[in-house]
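Letter by letter, the chains look like this.
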2 protein chains.
Amino acid sequence: MSTTAPTRSRKAQIDRTATALFRARGFAATSMRELATELGLEAGSLYSHIKSKEEILHRVCFGLADEFFAGFAAATLDSAAPIATQLRLAIEAHVRVLTRDSAASAVFLHEWRHLSEPARTEFLALRDRYEAAFRGLIQQGIAAGELHAPDAAFAALTLLASLNWLPAWYRPDGKLSPDEIAHRLAEQLLNGMRNYE
Amino acid sequence: MSTTAPTRSRKAQIDRTATALFRARGFAATSMRELATELGLEAGSLYSHIKSKEEILHRVCFGLADEFFAGFAAATLDSAAPIATQLRLAIEAHVRVLTRDSAASAVFLHEWRHLSEPARTEFLALRDRYEAAFRGLIQQGIAAGELHAPDAAFAALTLLASLNWLPAWYRPDGKLSPDEIAHRLAEQLLNGMRNYE
DNA sequence: TTCGTTTGCTAACGAGCGTTAGCAAGTATA
DNA sequence: TATACTTGCTAACGCTCGTTAGCAAACGAA
């Protein structure tokens, strides 16, 4: 294990730096020479650790997909709990993933289109499954009378859209902690902004 | 006027085709040769009509910014109207722009980062101004007791995030018309999803 | 007819791209 | 000390990129 540890860390370091660049400039506009320079290497040296540029993107996108699914599964473990509670937990889990690594999240959200087939199709299938999970939760909530919405699919899209905008403005040193952000998002989405006096 | 009409239309045709490609592949991953082929031209011929690839992006991004500002101004013309009404009108205006040309909207939302300075900074300033306009409206609503939210800035971000996800899934031939979409978005954002029986 | 504009072509430029081959130094294990 | 692996270099490959120069056909306006 100790023999492979240095490899892993160098590889992980490449992934991290690449993720930051992919986020800032986009996948296509980031060159391997830029990435190498950022790491203090020559471009060719990168290929002692990775197979291709796209391999990095693949790892980031699918790695984050795993995290999102794991978070959702944990949030809905207690299927007897009120749907509103499960939904709140799922929102919090989602926000936790987004805030733990907002650069990787931004890449996950925007750069997946540069995956070539068949990875691209596989990725979209995963994303659809995740959206469907939220949609199903909302549908259950409507059926149980806990939630109201004219269209669960529409509500799910709006909900995820609000959450997924987070990496665009979240700063780890901002005034709101991830938990506070998750709480406010859940409140606002569940209660709306209208004041009934 | 008839002498400049063909020019305009050819240029506009290039802009439209480029916008569709920029949306589908991203600005950096779209080549001028690809664009030319799509138009039935050779790459060099494009430069009889445009000055550079970035010029197209610039026109799309700043053109849409104008449309968003015009829509907001029209929605808030009657400043004596209830804030909830103005906000609803502003949401509808925003959705109308997004649905009228969802390809250009997607480029506006995601590809502005490929503008070079100083255009990039100018663009971000415009975007900030637009966000501030929504934030101001929400603040007024909170002060007037029509809306409730712990943080107007937070609420504005969430609201725009929900709206701006629209180009990602909107289809002109879908079952919901732009007006219905705008109405539902406004309802859901103002009322939330929780059911109070 | 003449003139200017629009439109488009071919050919090429310098530059940068992702990636590979071959080599070598360092390091940990046996 | 011998072995294997990690890490990184230099040099170069074939390719694509955005863009330009120069030329030519078509066409409306005078």
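Scroll up to find the structure this text is about.
The sections below set out a description of the structure shown in this document. (Residues numbered from 1 in each chain as written. Chains lettered and ligands numbered in written order. Predicted model: local features only at pLDDT ≥ 70, side-chain atom pairs only at ≥ 80, totals over all residues. Heavy atoms only, no water.)

**Observations concerning the protein's contact with DNA strand C**
Close to DNA strand C lie 19 residues, the nearest being Met32, Arg33 and Tyr47 of chain A together with Glu42 and Ser45 of chain B. The contact in question runs from a phosphate oxygen of DNA strand C to an N or O atom on the side chain of Ser31 of chain A, over 3.1 Å. At 3.5 Å, a side-chain N or O of Arg33 of chain B approaches a base nitrogen of DNA strand C. Those elements giving two or more residues to the surface near DNA strand C turn out to be helix H2 (32-39) of chain A together with helix H1 (5-25) of chain B. (Near = heavy atom within 4 Å. Polar contact = N/O pair within 3.5 Å; in protein donor to acceptor, adjacent residues only side chain to side chain. Helix = DSSP H or I, 4+ residues; strand = E, 2+ residues; numbered from the N terminus.)

**Re the interface of chain A and chain B**
Each partner contributes to the interface: chain A provides 40 residues, whereas chain B provides 40 residues. Counting the surface lost from both chain A and chain B, the interface buries some 4100 Å², and carbon and sulfur atoms represent 57% of this. Applying the counting rule to chain A against chain B returns four salt bridges. Residue Asp151 of chain B pairs with Lys175 of chain A through a salt bridge whose shortest N-O separation is 3.9 Å. Counting across the interface, chain A meets chain B through seven residue pairs in polar contact (both at pLDDT 80 or more). Listed by contribution, the elements that provide at least two residues to the side of chain A that touches chain B are helix H1 (5-25), helix H4 (83-100), helix H7 (152-164) and helix H9 (178-191) of chain A. Residue classes in the side of chain A that touches chain B are distributed as 20 nonpolar, ten polar and ten charged. (Contact = heavy atoms within 4.5 Å. Buried area = accessible area lost by both parts, 1.4 Å probe. Salt bridge = Lys/Arg side-chain N within 4 Å of Asp/Glu carboxyl O. Nonpolar A, V, L, I, M, F, W, Y, C, P; charged D, E, K, R; others polar.)

**A look at the packing of aromatic side chains**
All names here are of chain A. In the structure shown here, the tally under the stated rule is 22 aromatic pairs over all chains. Geometrically, the ring pair formed by Phe62 and Phe123 is edge-to-face, given 6.0 Å between the ring centres and 75° between the ring planes. Placement of the pair is Phe62 in helix H3 (residues 53-75) and Phe123 in helix H6 (residues 119-143), with a sequence separation of 61 residues. Classification of Phe62 as buried rests on a relative accessible area of 14%. Judged by relative accessible area, Phe123 falls into the buried class, the value being 1%. Their ring planes at 70° and their centres at 5.3 Å tell us that Tyr130 and Phe134 sit as a pair that is edge-to-face. (Phe/Tyr/Trp six-rings, centres within 6.5 Å; stacked < 30°, edge-to-face > 60°. Buried < 20%, exposed > 50% of the residue type's maximum accessible area, 1.4 Å probe, protein only.)

**Observations concerning the packing of H3 of chain A against H4 of chain A**
The relative placement of two packed helices comes down to the angle between their axes together with the axis-to-axis distance. Residues and elements named next belong to chain A. Contact pair H3 / H4: the axes reach a minimum separation of 8 Å and the direction vectors enclose 155°. With respect to their mutual orientation, H3 and H4 come out roughly antiparallel. When you trace H3 past H4, the crossing you get is right-handed. Contacts from Leu64, Glu67, Phe68, Gly71, Phe72 and Ala75 of H3 reach H4 at Gln86, Leu89, Ala90, Ala93, His94, Val97, Leu98 and Arg100. (Axes fitted to C-alpha atoms, helices over the stretch in contact; angles between N-to-C directions. Parallel < 35°, antiparallel > 145°, perpendicular 65-115°, else oblique. Left-handed = near helix turned anticlockwise from the far one by under 90°.)

**Describing the pattern of salt bridges**
Taken as a whole, this structure holds 16 salt bridges over all chains when the rule is applied. The salt bridge involving Arg16 of chain A is made with Asp101 of chain A; its shortest N-O contact spans 3.9 Å. Of this pair, Arg16 of chain A sits in helix H1 while Asp101 of chain A is found in the loop between H4 and helix H5 (102-110), placing the two residues 85 residues apart along the sequence. Among the salt bridges present, the one from Arg184 of chain A reaches Asp151 of chain B, with a minimum N-O distance of 3.7 Å. Linking Arg184 of chain A in helix H9 with Asp151 of chain B in the loop between helix H6 (119-143) and helix H7 (152-164), this pair reaches from one chain into another. For Arg184 of chain A, a relative accessible area of 23% gives the class partly exposed. Within this structure, Asp15, Glu55 and Arg59 of chain A form a network of salt bridges that share partners.

**Here we look at the side chain of Asn164 of chain B**
By secondary structure assignment, the location of Asn164 of chain B is in helix H7. Discounting chain neighbours no more than four positions away, the residues touching Asn164 of chain B are His94, Leu98 and Leu109 of chain B.

**Regarding the relation of the copies chain A and chain B**
Once turned by 180° and shifted 0.0 Å along the axis, chain A lies on chain B with an RMSD of 0.0 Å. Taken together, the rotation angle and the small translation identify this as a two-fold axis. Interface residue correspondence from chain A to chain B reaches 100%, placing this contact among same-surface, isologous pairings. (Least-squares fit on C-alpha atoms with pLDDT ≥ 70 in both.)

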